[in-house]
Amino acid sequence: MQEFLHALPKVELHLHIEGSLEPELMFALAQRNGIDLPYATVQEAKDAYHFSGLQGFLNLYFQGMNVLRNEEDFYDLAMDYFKRAREEGVVHIDMHFDPQAHLQRGVPLEVVMGGLLKAKQEAEETLDLSIGMIMAFLRDRPAEEALHVLEQAAPYWKLLDAIGLDSAEQNNPPAGFVDLFERAKQLGLVRVAHAGEEGPAEYIQEALDLLDVQRIDHGVRCLESNEVVERLRSEQIVLTVCPLSNVSLKVVEDLRDHPLPKLLAEGLKVTISSDDPAYFGGGMLTNHLACAEAFGWDEAVFRQLTCNAIEEAFVTPKRREELL
Ligand code: HPA
Ligand code: ZN
């Protein structure tokens, strides 16, 4: 199974590039940029990565990305992950990134985009890896700010595949972001949103009804509403499920309790991603291996999940043909 899962050409639909910042690179960038870290050693950083929920993680996630200052830092961050993912047999990644988290720290959008786009181009030219770009907006920040950033991103609209909605979910419902998502639709951008990770099943329905999203990131709490499950099944809306993330953030106690088998049994269009691999215990291969062990899935299940991801990935028709 290990060999099969390594060789399986895996497609990752849900990855926050800032969450791929390994402590080793965080230390190297801190030194390069003369920044003090709250950790004395790499091991100390790793030891701090124990979370009781999403907010505790987000605090360290925003703190960690403080070492990203220059274009080169964003390039190194992305290339470091792309190379690692490729070694794990990943062939496509739809990458979320959080411009507001950088603008807030005084890092210009051009710096973020310059570094990430350079890494994307190089990965596509030299690693046989395709990359999708999802500009994500922070749902615990004002919607007006998000709209302003989307307008500011005009020079990059053509280079984006989608906008997303992430950060603290509870009490920050999709309904607050209708104008942002309407504007994105007007610009011809696909819409995706995190929903039903820590928030209730109703947020999934809201994201579909009010934001007209094409994907639900996470979505595991859909099982709390028959109506939502039925909607996801009949429209075959893809769920980008992140098993080890859900364990780390205590969405589930243990991977063996994870609703993934139930989601599949319900006939939902499920995929597997790593979310924030540097913080949640591993990348795509590790997530796949953990599922094989926890659920006893055979090769056919993993082939189906990969096929689901290929169908939904932000790729050209030609690339989709290559991947199928
Ligand atoms: N959920 C919400 N926001 C995030 C996450 C997540 O798992 N990772 C990075 N931003
Ligand atoms: Zn996520």
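Note that the structure is predicted; figures quoted are calculated from it, not measured.

All right, on to the packing of aromatic side chains then. Two numbers describe a pair of aromatic rings. These are the distance of the centres and the angle of the planes. Applying the stated rule across the entire model yields 11 aromatic pairs. Ring geometry for Phe57 and Tyr61: centres 5.2 Å apart, planes at 40 degrees, overall tilted. Highlighted residues: Phe57 and Tyr61, both in helix 4 (residues 54-64), separated by 4 residues, approximately one helical turn. Given the relative accessible area of 2%, Phe57 is considered buried. For Tyr61, a relative accessible area of 2% translates into the label buried. With centroids separated by 5.3 Å and ring planes inclined at 65 degrees, the aromatic side chains of Tyr61 and Phe62 adopt a geometry described as edge-to-face. On the accessibility criterion, Phe62 (25% relative accessible area) is partly exposed. An aromatic cluster is present here, built from Tyr49, Phe51, Phe57, Tyr61, Phe62, Tyr279 and Phe280 joined pairwise through their rings. Above the face of the Tyr75 ring, Lys118 is positioned so that its terminal group lies 4.1 Å from the ring centre. When the ring centre of Phe314 is taken as reference, the NZ or CZ atom of Arg215 above it lies at 3.9 Å.

A separate point is helix 14 (residues 284-295). The end-to-end C-alpha distance of helix 14, which contains 12 residues, comes to 16 Å, matching closely the 16 Å that a straight helix rising 1.5 Å per residue would cover. Within two residues after helix 14, Gly296 carries a phi angle of roughly 65 degrees, on the positive side.

Next up on the list: the nonpolar core. Core analysis: the largest hydrophobic core is formed by 105 residues, its most contacted members being Ile17, Phe82, Ile93, Ile216 and Leu232. Residues in contact with Leu232, not counting those within four places in the same chain, are Ile204, Leu208, Ile216, Cys222, Ile237, Leu239 and Leu268. Judged by nonpolar contacts, the second largest core, of 9 residues, contains Leu13, Ala309, Ile310 and Val315.

For a metal with four tetrahedral donors the ideal donor-metal-donor angle is 109.5 degrees, whereas six octahedral donors ideally subtend 90 or 180 degrees. Within the protein, the atoms that donate to the zinc ion (ligand 2) are His14 (NE2), His16 (NE2), His194 (NE2) and Asp275 (OD), at distances of 2.0 to 2.2 Å. Because the angles between the 4 donor atoms bound to the zinc ion (ligand 2) fall within 80 to 173 degrees, the donor set is best described as irregular.

For the rest of this paragraph, the subject is the site of ligand 1. As a matter of local geometry, ligand 1 sits amid His16, Leu54, Phe57, Leu58, Tyr61, Asp166, Ser167, His194, Glu197, His218, Asp275 and Asp276. In this structure, a nitrogen atom belonging to ligand 1 sits 2.8 Å away from a main-chain N or O atom of Ser167. The separation between an oxygen atom of ligand 1 and a polar side-chain atom of His218 is 3.4 Å. Here ligand 1 loses 100% of its free accessible area of 260 Å² to cover by the protein chains. Tallying contributions element by element places helix 4 first for the shell around ligand 1, with 4 residues.

It is worth spelling out the sheet that holds strand 5 (residues 190-195) at this point. Think of a sheet as strands paired side by side through backbone hydrogen bonds, with each pair either parallel or antiparallel. Strand order in the open sheet made by the 8 strands is 1-2-3-4-5-6-7-8, with parallel pairing throughout. Two strands close off the open sheet at either side, each with one partner strand: strand 1 (10-16) and strand 8 (269-272). On average, each strand axis in the sheet is inclined to that of its neighbour by 25 degrees, with strand direction left out of account. Where strand 7 (residues 238-241) lies against strand 8, 4 bridges are found, and the strand directions are parallel.

Turning our attention to the environment of Gln236. Here Gln236 shows up in the loop between helix 11 (226-235) and strand 7. The spatial distance from the C-alpha of Gln236 to the C-alpha of Ile163 is 20 Å, given a sequence separation of 73 residues. Among residues more than four places away in sequence, those in contact with Gln236 are Gly267, Leu268, Lys269 and Glu312. Among the polar contacts listed, one links the side chain of Gln236 to the backbone oxygen of Gly267, at a separation of 3.0 Å.

This part is about the packing of helix 5 (residues 71-87) against helix 7 (residues 109-126). Each packed pair of helices is defined by two parameters, the angle between the axes and the distance between the axes. Packing of helix 5 against helix 7 leaves a shortest axis separation of 7 Å and a crossing angle of 35 degrees. Two packed elements cross with a definite hand, and for helix 5 against helix 7 that hand is right-handed. Contacts from Glu71, Phe74, Tyr75, Ala78, Met79 and Phe82 in helix 5 reach Glu110, Val111, Val112, Gly114, Gly115, Leu116, Lys118, Ala119, Lys120, Glu122 and Ala123 in helix 7. Per-class residue counts for the contact of helix 5 with helix 7 are 10 nonpolar, 2 polar and 5 charged.

Each value, and the rule that gives it
Residues numbered from 1 in each chain as written. Chains lettered and ligands numbered in written order. Predicted model: local features only at pLDDT ≥ 70, side-chain atom pairs only at ≥ 80, totals over all residues. Heavy atoms only, no water. Phe/Tyr/Trp six-rings, centres within 6.5 Å; stacked < 30°, edge-to-face > 60°. Helix = DSSP H or I, 4+ residues; strand = E, 2+ residues; numbered from the N terminus. Buried < 20%, exposed > 50% of the residue type's maximum accessible area, 1.4 Å probe, protein only. Lys NZ or Arg CZ within 6 Å of the ring centre and 35° of its normal. Expected span 1.5 Å × (residues − 1). Core = buried A, V, L, I, M, F, W, Y, C linked by side-chain atoms within 4.5 Å. Contact = heavy atoms within 4.5 Å. Donors = N, O, S within 2.8 Å, 3.2 Å for Na, K, Ca; no water. Tetrahedral: all angles 85-135°; square planar, octahedral: opposite > 155°, others 65-115°. Near = heavy atom within 4 Å. Polar contact = N/O pair within 3.5 Å; in protein donor to acceptor, adjacent residues only side chain to side chain. Areas by Shrake-Rupley, 256 points an atom, 1.4 Å probe, with all protein chains shown as cover. Pairing = 2+ DSSP bridges. Axes fitted to C-alpha atoms, helices over the stretch in contact; angles between N-to-C directions. Left-handed = near helix turned anticlockwise from the far one by under 90°. Nonpolar A, V, L, I, M, F, W, Y, C, P; charged D, E, K, R; others polar.

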